Each structure stands twice: as structure tokens, then as C-alpha cells.
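# Observations on the model geometry
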Amino acid sequence: MTQRQTRLLFLALGLFMLGVTAFIALTALGDNLVYFKTPTDIAESPTLPKGKIRIGGLVAEESLYQAGLESRFVVTDLQNLIDVSFQGVLPDLFREGQGVVAEGQFDQTGAFIADTVLAKHDENYMPREVADALKETGVWQGDDALGVAE
Amino acid sequence: MITESGHFAMILAFCVALLQSTLPLYGAQRERQAFIDMAVPAAKLQFILLLWAFAVLTVKFVQSDFSLWLVTANSHADKPFIYRLTGVWGNHEGSMLLWILMLAAYGAGIAQFGKSMPAALKARVLGVQGIIGVLFLAFSLFTSNPFSRLISPPFEGSGLNPILQDPALAVHPPLLYAGYVGFSLAFSFSVAALMSGKISPDWAKWVRPWTLLAWLSLTLGIAVGSFWAYYELGWGGFWFWDPVENASFMPWLAGTALLHSALVTARRNTLHSWTMLLAILTFALCIAGTFLVRSGVLTSVHAFATDPTRGVFILMVLGVLVGGALLLFAMRAAGLSSADKNVPFHPVSREGALILNNVFLASATATVFLGTIYPLVIDAFGLGKISVGAPYYNAVFVPLITPLLLLMPIGPLSNWGRSDVSPVIKKLAAAGVLAILGGLTVLVMTSEHQGGAALGVGLSMWLMLGALVDLSKKIRFDTTPLAQLPKKLIKLPLQQWGSILAHGGLGVMILGIIGTTAWRSEVVQAVTPGAEMDISGYAVTFEGETSVAGENYTAEQGVFSIKRGGQKIAELKPEKRFYTVERQSTTEAAILKNLAGHLYIVIADETVSDGVVSRVVRIWYHPLVAFIWIGGLIMALGGVAALTRREAQLISDKTN
């Protein structure tokens, strides 16, 4: 094989791999996207979203009810509400009045069945989607989330 | 006073970096020896100044000097000594100073140890390091100054995030940064070669040791971070395909490709342009990683409180450095004169295998990049908020990585230049048959005939056995008498262990990954004292709970006795801690560790049902999970072994 043919071979192989990679990646991406919705988005849409989504907002005050492993709470952006039920262990920083993101799906009755409740590392940290959602509804109180001012 | 001296040292370092980034580059271009000679002392001086600044900040943290804003915000006098120390880099400003210190340390390292390099090349490399230094020092001084003072200092600080008060997390950032920043040298070497317009055959030999050092630090950093997440976050997961994790994984993938392509460049004096491009892109991914983590554009389980203006600044740095380097690459790469352009190239050869390695690793990097960046792009165009989770990565990673893993044992056994297929097949036949049998055994024996697990076990055995075949070839196992073997084994030069350990270590890691993902079992139950739970052959009894107090926290501690075959073998005490200063609670898992698997227990909240108070308990059994980190450690050891290869040996190797 000449130098030129070898180079062409590798070029062809490279392009082929690029195509295969793009195909696999885009197919997988299409199948595995999870959309984020606020309680207001849900309330305004005519039908409940099917499949897996993320919802976020604040955990409504005095809405947490726990029995055994079952937890139920209300997520709100202070305009609309979503009832969430979750089977399992809530993260350490889960608290009423604090931001939360839950991943799961709606059942036929319109209740949201979460299979993951997003844990946070940092008390000052507000999931960005939640912050944006709260800004949109005008509830957000500035950037005091950064703690001590510089 | 002493605080101001640290701040002042940082400003001086900035000035020195300004000189280092201009005069030596000018000197190298115009062949002015006096300016070229400035590079080495400037690099060393910059390092010493930053070392002083870092030392000052460390002393302030240890002394709990609350007149510093940073100490107040991130420390507390009651904190154990070790965490007052590591608190220096447990926050944004301090960790950026560490980042810059390491950058200067690598520069000083080149200045000190790069004795065999031509002075002009060295001046250019240090000049480019200087440019990176200027940009990041400006970032630190103008957007995140660690030495900001408070006018009226409080009596007490607000503490350090409790989950960061952990030995693994104390070493995680320095290791990770040593990796990130280490790739800056590969970047500088590329840009220096492009500036000079010519590339010496020795170029790759100077780049490779530094790339190896960066790679092994990053490998250790990621492994330690994963181990920390496993035991500290209380979910028993080791990898979440979280954007922040991807931010460290992308440079690792690209850096691994760089190591292999630099090998081809060093040994065969070809593939220069690709190696240079890869070096630029690897460091670009390191800066992008810093941007993703520090800017707050991501929703991550590991997110930190952040400030968007910093993100904009890092994005600008990324644009200047990488944009400039890529522009230079586009203009110069094709015309780069290298000593030997027409190296005969045969596809069936060691370099052929290494190029395939690069094709697969580059594809894998691109898919991770796509998954990480896609939600940001969609959001930026106002098309909605989405997230890309583990299912995406599992779907793309398995088909891309499987062929790479199949190739891995073949590469080191084939010859440079031109290789025959049949002797390689002969050497690996036994390993291949055993690996297939191993996979088939898993397929038949497991209850649900898990195809994925069978594939994983087969690949893991293929890699481990392939590493053994590599070793047996290197000690000439088939022609050496048995009595001579131990001697041969000891006498095998350390550098020869590099690929054996790195490739075999990955096999060990895959075994661990398959063990815990395919065969993990879990029990979640609300229990009262006396309750017994069975999991994977262990009988776990909840004995009750007590309250305990630590140095800076109080905790509720569950007591569990573990029986196996009727015998009590251990007592586990997971805790739910409450850190009084930070007013945060954390979950401390208790883990019964052995090689066969980990028994992992956490306790959660109390719960009331029908008037009975019970404790929610979560127990996992993670089979083989320890092999994930043992494998990572073996891989890093492979990096250490390869590092012992001296430049001179690489050159003389080429002739045989």
C-alpha cells in the first residue's frame, strides 16, 4: 500500500467513525432528554406531559407529610402547585421553604411520582432552574444566596 | 501586615508574569539572547512569589484570622486543625490561588529540569506559560481576590461546608488541579512550536513526561473524587455522569489520547499536527472544565455557590488562549518543518493501533462534550430547560468504548513500523478464549442472563489477561527457564510496566464497575430496634441508636450488628450528623469493606406511622466495588512507571 492510499484509508475510517459517533450520539440524545418544567408551565399546558420530566420550585411550607418510606410534599413557584410523592430517602438538605428539583413522571390522577429528588451540596446553592423560575414569577429576592457580601 | 505581604506578592507575581509573557517571546523571535535568558529566572521568581502568597493564606486560615473575608466565610476556630488547613482550597478564591500556584510550579519545573531543551524553545514555552499566568492572575486579583479584608472583623467565622470536611476531599482538588494545570505545558509546547515554525524530532519527548505527570494526577484526582462521592454523599454511587464530573472526565479522555499520540510522534516522528492540536484541545477542555464548575451555568449535584461575572471572565480567558492557539495552528501547522516528513506508514502496526485508539477516544470525548454542553446551548437559545442524564452516556459510551477495549491488548503486542497479524493473534488466542468463556459463564449463570454484565466481565478479563500476555512477552516467558523467571521479573525496567499496569488497571476497574452496577442489592426499610434485615447473605440487626458528639458536630448514631452464617462479624455505626456552626446535617455511611463487596448502611430521618416512631434505614450490598478505585490506583501507578523512562532511552529505543 502506498503512503497516499494509507492516508486515504485513515481519512475514510475517520469520517466513517465521525458519522457513526454522530448517529449514536444524536439518537441517544433524542431518547434521553429530560425537560424541566415549573408548576406554572404545567398549569398552563393543556395536557400533562408524558414521560420523564423534572419539576422544580420551593417546597411549600407545612406541606411535607411522611409515613414510613413514603413522602408527600407540594412544590410551588408561589403561583401554582404540584403534589409530589416520593418513595425513598429524602436528601439531607431537603427542607420546607427551600428549593428543590424532582425528577419523575405524572400518574393518571395528575400527581407527580418522583423517582429522584435532587440533592444539593451547598446550603447557599439554589438549583439554577429554580432560581430562574422564581425570577420569572417575581418571587426571587436578589442574589443574597451568595452569603457574605464581598 | 503579613496579609498584605501575601497580597503584594500576588501583585508582584502578576507583574513578573507580564514580563515573562512578553520579553522572552520577543527575544526568541528576534534572537536576542538577553531577553531569552530572562525566561528561566522569571518563571522561578513567579513561583516563589506565589508560594509566599499561598503560604500566607494558609497561615491565616490556620490562625483563623477573621479580618480576612475569605477566612470568615469559609472557616471557624472550632474546626479541627486539618480542615482549617485544607479549608484554604475548600472555596473558590483559595482554590484559584492553588491553581495558579501549580501553574507557576510547572513553569518553574520546566525552567529547572528542561536542561536538554534549546534555550529559544524553552523561552517560548515559558513565555506561553507566562501568558496563561497573566490571565489567571488577573482573574484572581480582579474577580476573586483571596486577600480581601473586612473592615470590622467578626469574632467567629461561618465554617466550612461539612461535607467538605473530609480527608479524601482534602486531597481531591490539589490532585485534580495538578492534572488540569499540567496539561498547560503540553499546550505551551504546542504553541511554542507553532510560533517558531519548526518542530524538532525531540519535541514529543520533552512533552510526554509532563503530560504523563498531568495524566496520572488527573487519574488519581478523579478516582479520589469518585471514592469520596461514594461514601460521603450517602447514595453509594461512584459516578453520576454529572456535568461537574464530566468536566474532569473530558480532559482525562483527551489527555489519554494525547499520551498515546505523543508516543507515536516521539517514536515515529510523525503525526505532529494531530498531537499539537490534541494538546491545545486538552488544555482547552481543562479551562472549559474550570469554567463549567466555577460559573454556575450548570445544575449539578456538586454545585457550588457561584458568581456569573467570573464565568464571563473565564470564558474570555478560554477565548483568548484557545482561540489564539487554534488560529496559530490553522496558519502554521501545515507549513511546519519537521526533520523527517516522509516516514513510511503501515496501517497494521503499533502506530496504526495507536491512531485507532485516538479515533475512539476523540469520539468518546466529543459525545461527552455534546451531552454536557447541549442543555446549555438549548437554554441559551431559549428553547427550554433540559437535562441529559446517565441513560444518554450509557447509550453512547458502551458502543464507542467496547472496540477501544478490544484493541487495547493488541496495541502493545504489535510492532512499530509494520506488524504481522498472525503472531499477535497467536499470543492473544488463549486470553481471548478465556475472556469469551468468562463472559459466557456470566451469561449462563446469572438469573436474568445479563448481556451487559457478560460483555463487561469478558472485556475486563480480556484486558487483565492481555496485560499478563504483554508482561510475559516483555520477560520472554516462553524462552526463559522457570528458575530464571523471578530474576527476569525483578530486572524488567520499571518503564516497561507502564502499559501493563495502565491497561490491566482499567480491566480491574471495569470488573468493579460491572460488579456494583449489575449485581448491587438494596434494602430500604423503616425499622424499630430489634428489627432484622437480610441482604446478600448478611443478617443485619438494628440494635438501637445513641447520641454522640464530635469535635464540631452532634450526631444520632444507629448501631447495627452484622451476622454472617450465624456468626457476628462486625458492628456498623452510621450517623446522621448535625454541624452546629454551619447548621447543616449530613449523612455518614458506615461501610463493611472487603474485596468481595461492601456492605453499606446509612440512616435517614425518623418517621411516624400509626403512632410508632421508626428509623428509615438504607442498606446496600455493592459487590466488587473496591476494584473501581484499586483499578484507578493501578492505572496511576502505570503512569508513575512510564515516567521513569528517560528521554535518552526513548531516543535509543527508536533504533531497535
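Residues numbered from 1 in each chain as written. Chains lettered and ligands numbered in written order. Predicted model: local features only at pLDDT ≥ 70, side-chain atom pairs only at ≥ 80, totals over all residues.

## Regarding the overall build of chain A
We count it as follows: Each helix corresponds to a stretch of at least 4 residues labelled H or I by DSSP, and each strand to a stretch of at least 2 residues labelled E; elements are numbered beginning at the N terminus. Think of it as a crowd count around each C-beta: if 20 or more other C-beta atoms lie within 10 Å the residue is buried, if 12 or fewer it is exposed, and in between it is partly exposed, with C-beta placed from the backbone throughout. Any two residues are considered in contact once their C-beta atoms, placed from the backbone, lie within 7 Å.
Of regular secondary structure, chain A possesses three helices and seven strands. Starting at the N terminus and walking to the C terminus, you meet the elements of chain A as α-β-α-β-β-β-β-β-β-α. Looking at chain A as a whole, 31% of its 150 residues qualify as buried. Considering only intrachain contacts with a sequence separation of at least 6, the fraction spanning at least 24 residues in chain A is 54%.

## Here we look at the overall build of chain B
Selection rule: Only C-alpha atoms enter the radius of gyration; for comparison, a globular chain is expected to reach 2.2 Å times N to the power 0.38, where N is the number of residues.
Counting its secondary structure elements, chain B contains 21 helices and 13 strands. Taking 2.2 N^0.38 as the reference for a compact globule, 656 residues should give roughly 26 Å; the C-alpha atoms of chain B span a radius of gyration of 27 Å, in line with that estimate. Counting only C-alpha atoms, chain B reaches 85 × 75 × 60 Å along its principal axes. Among the 656 residues that make up chain B, the fraction classed as buried is 53%. Long-range pairs, those at least 24 residues apart, make up 74% of the contacts in chain B between residues at least 6 apart in sequence.

## Examining the confidence of the model for chain B
Residue and element names in this part refer to chain B. Applied cut-off: A residue's pLDDT is the confidence the predictor assigns to it, expressed on a 0 to 100 scale.
With 95% of its residues at a pLDDT of at least 70, chain B reaches an overall mean of 88. When the elements of chain B are averaged for pLDDT, helix H21 (residues 647–653) gives the smallest value, 44, and helix H20 (residues 626–643) the largest, 96. Segment residues 301–305 is flagged for pLDDT under 50; beyond a separation of four residues in sequence, or across chains, it makes 21 contacts in the model. This stretch, residues 647–656, has a pLDDT under 50; its non-local contacts, to residues over four places away or in other chains, come to seven contacts. If you check the scores for this complex, the pTM reads 0.90 and the ipTM reads 0.76.

## Observations regarding the pairing of strand S2 (residues 53–59) of chain A
All names here are of chain A. In plain terms, the rule: Strand pairing is defined by DSSP finding a minimum of two bridges between the two strands.
For S2, a buried count of seven out of seven residues is recorded, marking the element as mostly surrounded by other parts of the structure. Where strand S1 (residues 33–37) meets S2, three bridges bridge the pair, whose relative direction is parallel. Looking at S2, one finds that tyrosine 35 is bridged to isoleucine 53. The pairing of S2 with strand S6 (residues 99–106) spans six bridges and is antiparallel. By the bridge assignment, isoleucine 55 is partnered in S6 with alanine 102.

## Overview of the pairing of strand S7 (residues 112–117) of chain A
Residues and elements named next belong to chain A. Here strand S5 (residues 81–87) pairs with S7 via three bridges, running parallel. Within S7, the residue paired with valine 84 across the bridge is phenylalanine 112. Joining the antiparallel neighbours S6 and S7 is a turn of five residues, in which glycine 110 adopts a positive phi near 95°.

## Overview of the nonpolar core
Residues and elements named next belong to chain B. Put simply, the test is: For this analysis, nonpolar core means a set of buried Ala, Val, Leu, Ile, Met, Phe, Trp, Tyr and Cys residues linked through C-beta atoms within 7 Å.
One finds Ala13, Ala53, Ile100, Ala186 and Phe189 to be the most contacted residues of the largest nonpolar core, which totals 225 residues. Sort the elements by how many residues they give to this core and helix H9 (residues 203–232) lands first, with 19 residues. Setting aside chain neighbours within four positions, we find alanine 186 in contact with Val207, Trp210, Thr211, Leu258, Ala279, Thr282 and Phe283.

## Focus: the environment of alanine 9 of chain B
All names here are of chain B. Tracing the backbone through its elements, the reader meets alanine 9 in helix H1 (residues 2–30). For alanine 9, a count of 20 C-beta atoms within 10 Å translates into the label buried. For the pair alanine 9 and glutamine 46, spaced 37 residues apart in sequence, the C-alpha separation works out to 9.0 Å.

## Details of the packing of helix H8 (residues 167–196) of chain B against helix H10 (residues 243–268) of chain B
All names here are of chain B. Using the following cut-off: Every angle, taken between N-to-C directions, lies between 0 and 180 degrees, and every axis is a line fitted to C-alpha atoms, over only the stretch in contact when it is a helix. Note that the term roughly parallel is reserved for angles under 35 degrees, roughly antiparallel for angles over 145, roughly perpendicular for angles of 65 to 115, and oblique for everything else. Helix crossings get a hand from a simple test, with the near helix turned counterclockwise from the far one by less than a right angle marking a left-handed crossing and a clockwise turn marking a right-handed one. We call Asp, Glu, Lys and Arg charged. Ala, Val, Leu, Ile, Met, Phe, Trp, Tyr, Cys and Pro are nonpolar, and the rest, Gly among them, are polar.
Where H8 contacts H10, the two axes come as close as 11 Å, and the packing angle between them is 45°. Considering the angle they form, H8 stands oblique to H10. Handedness of the crossing formed by H8 with H10: left-handed. Here Leu176, Tyr180, Phe183 and Ala186 of H8 lie close against H10, whose contacting residues are Ser248, Pro251, Gly255 and Leu258. Looking at the contact of H8 with H10 residue by residue, the classes come out as six nonpolar, two polar and no charged.

## What to know about the sheet that holds strand S4 (residues 521–527) of chain B
Residue and element names in this part refer to chain B. On the basis of which strands lie adjacent, the open sheet formed by four strands has the order S4-S13-S12-S11 and antiparallel pairing. Either end of the sheet is taken by a strand with one partner, and the two such strands are S4 and strand S11 (590–594). In this sheet, neighbouring strand axes are inclined to one another by 15° on average, regardless of whether the strands run parallel or antiparallel. One ladder, built from seven bridges, connects S4 with strand S13 (residues 612–623); its direction is antiparallel.

## Quick notes on helix H17 (residues 451–474) of chain B
One full turn of an α-helix is made of 3.6 residues, so residues set three or four places apart face in the same direction. Note the following rule: Expected helix span is given by 1.5 Å per residue-to-residue step, counting one fewer step than there are residues.
With 24 residues, H17 of chain B should cover 34 Å at 1.5 Å per step; its first-to-last C-alpha distance of 34 Å lies within 8% of that length. Phi turns positive, to about 50°, at arginine 476 of chain B, one or two residues after H17 of chain B.

## Let's talk about unusual backbone geometry
Notably, leucine 78 of chain A is not glycine yet its phi reads approximately 70°, a positive angle. When you line up the elements, leucine 78 of chain A lands in the loop between strand S4 (70–76) and S5. Of note in this structure, serine 64 of chain B is not a glycine but carries a positive phi near 50°. Among the secondary structure elements, serine 64 of chain B is positioned in the loop between helix H3 (39–63) and helix H4 (69–74).

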